[in-house]
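Coordinates in review
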Amino acid sequence: MAESCAALLTDHPALWKAATEHAFLDQCADGSIAPQQFNTWLVQDYHFVLDFTRLVAGCLMAAPPQDFNALFDGLAALKAELNWFRDKAAERGLELGTARQATCVTYCEFMLGLASQTYGVQATALWAIERAYNEAWQKPGAMASPYGEFADRWGNPGFSDYVLLLAQQADAALDKADGATQAAAQAAFVRVAELEQDFWQMAYAA
Ligand code: HMH
């Protein structure tokens, strides 16, 4: 049977739970996160989103025309998101030129490496990365000020719809794909889950 986004989630419950639940998020929800830790995440995630944007551009290079509109919408949202990160960093007096931590570098290299994979693998990774944040930022429930704005960026219903569309596109690609692409898509999903878990932890390693 062909791999699908729903099957990837049900086949790896513990891994996905670890990717989408973390003390960092719980501490944002109850307001107890140390500002330094939140700021560490913010700066590193800005660097992450720069290379994530390149991943989406790579998907556009490989995608069938019927998938273009979702990717255009994704890129437009990333334009707004990168400007929003710059605003948040300025409000907090943060230096975005700060070096990337090793975990961020590893995640960025993984994302750039996806460009040499087939579209089914790229589409699966794109979905998994967006799904991770969509789920993670919603799980703790309403967040203490000022973190509600951050939770809403990835937890809002429009973003959830976008994630569902990305799953449909990945499923359509995987449905037609050979066994090698399906195996590589599963491996990419597992790697995303591992890297997401590491990324939350990185906030505590400044
Ligand atoms: C680490 N994963 C990470 N950062 C993000 N901004 C997203 C996923 C969603 O774009």
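Details of the structure are given in the entry above.
Residues numbered from 1 in each chain as written. Predicted model: local features only at pLDDT ≥ 70, side-chain atom pairs only at ≥ 80, totals over all residues. Heavy atoms only, no water.

1. Focus on the nonpolar core
Residues Phe24, Trp41, Trp127 and Trp137 are the most contacted members of the largest nonpolar core, which totals 68 residues. Not counting the four nearest positions on each side in its chain, Trp127 is found in contact with Cys5, Leu8, Leu9, Val163, Leu166, Ala167 and Phe189. (Core = buried A, V, L, I, M, F, W, Y, C linked by side-chain atoms within 4.5 Å. Buried < 20%, exposed > 50% of the residue type's maximum accessible area, 1.4 Å probe, protein only. Contact = heavy atoms within 4.5 Å.)

2. Let's talk about unusual backbone geometry
Working note: non-glycine residues mostly have negative phi, and peptide bonds are mostly trans. For the bond from Ser145 to Pro146, the omega torsion is 5°, close enough to zero to count as cis. Residue position: Pro146 is located in the loop between α7 (119–136) and α8 (148–155). (Helix = DSSP H or I, 4+ residues; strand = E, 2+ residues; numbered from the N terminus.)

3. Describing α8
Within the span of α8, buried status applies to Phe150, Ala151, Trp154 and Gly155. When α8 is viewed along its axis, its buried side chains cluster within an angular range of 115° and face the same direction. Where α8 is buried, its residues touch α4 (35–62), α5 (68–91), α7 and α9 (157–175). (Arc of directions from axis to C-beta.)

4. Comments concerning the site of the ligand
The local shell around the ligand consists of Asp45, Phe48, Val49, Ile129, Glu130, Tyr133, Trp154, Glu196 and Phe199. Within the side chain of Asp45, one N or O atom sits 2.6 Å away from a nitrogen atom of the ligand. In this structure, a nitrogen atom belonging to the ligand sits 2.6 Å away from a side-chain N or O atom of Glu196. Protein burial of the ligand: of its 290 Å² of free accessible surface, 100% is covered by the chains. The cavity that encloses the ligand is the largest pocket. Counting only elements with at least two residues in the shell around the ligand, the list comes to α4, α7 and α10 (179–202). Class assignment of the residues belonging to the shell around the ligand gives a composition of six nonpolar, no polar and three charged. (Near = heavy atom within 4 Å. Polar contact = N/O pair within 3.5 Å; in protein donor to acceptor, adjacent residues only side chain to side chain. Areas by Shrake-Rupley, 256 points an atom, 1.4 Å probe, with all protein chains shown as cover. 1 Å grid on protein atoms, 1.4 Å probe; cavity = no way out; pocket = protein on both sides within 12 Å on 5 of 7 lines; lining within 4 Å. Sits in = over half its atoms within 2 Å of the grid points. Nonpolar A, V, L, I, M, F, W, Y, C, P; charged D, E, K, R; others polar.)

5. A closer look at the layout of surface pockets
A volume near 230 Å³ is recorded for the largest pocket. Listing elements by their share of the lining of the largest pocket, those giving two or more residues are α4, α5, α7, α8 and α9. A class-by-class count of the residues in the lining of the largest pocket yields 10 nonpolar, three polar and five charged. (Points joined across faces, edges and corners; volume = space filled by probe spheres on them.)

6. A word on the pattern of salt bridges
Tallying each qualifying case throughout the model produces 10 salt bridges. Two residues, Arg54 and Asp51, come together in a salt bridge whose shortest N-O distance is 2.6 Å. Of this pair, Arg54 and Asp51 both sit in helix α4, three residues apart, which is roughly one turn of that helix. You can call Arg54 exposed: its relative accessible area is 53%. Put simply, Arg153 and Glu81 hold a salt bridge, and the shortest N to O gap is 3.5 Å. Of the two residues, Arg153 sits in helix α8 while Glu81 sits in helix α5, which places them 72 residues apart along the sequence. A residue is classified by how much of its surface remains accessible, and Glu81, at 8% relative accessible area, is buried. Among the charged side chains, a network of salt bridges with common partners joins Lys17, Glu21, Arg131, Glu135 and Lys139. (Salt bridge = Lys/Arg side-chain N within 4 Å of Asp/Glu carboxyl O.)

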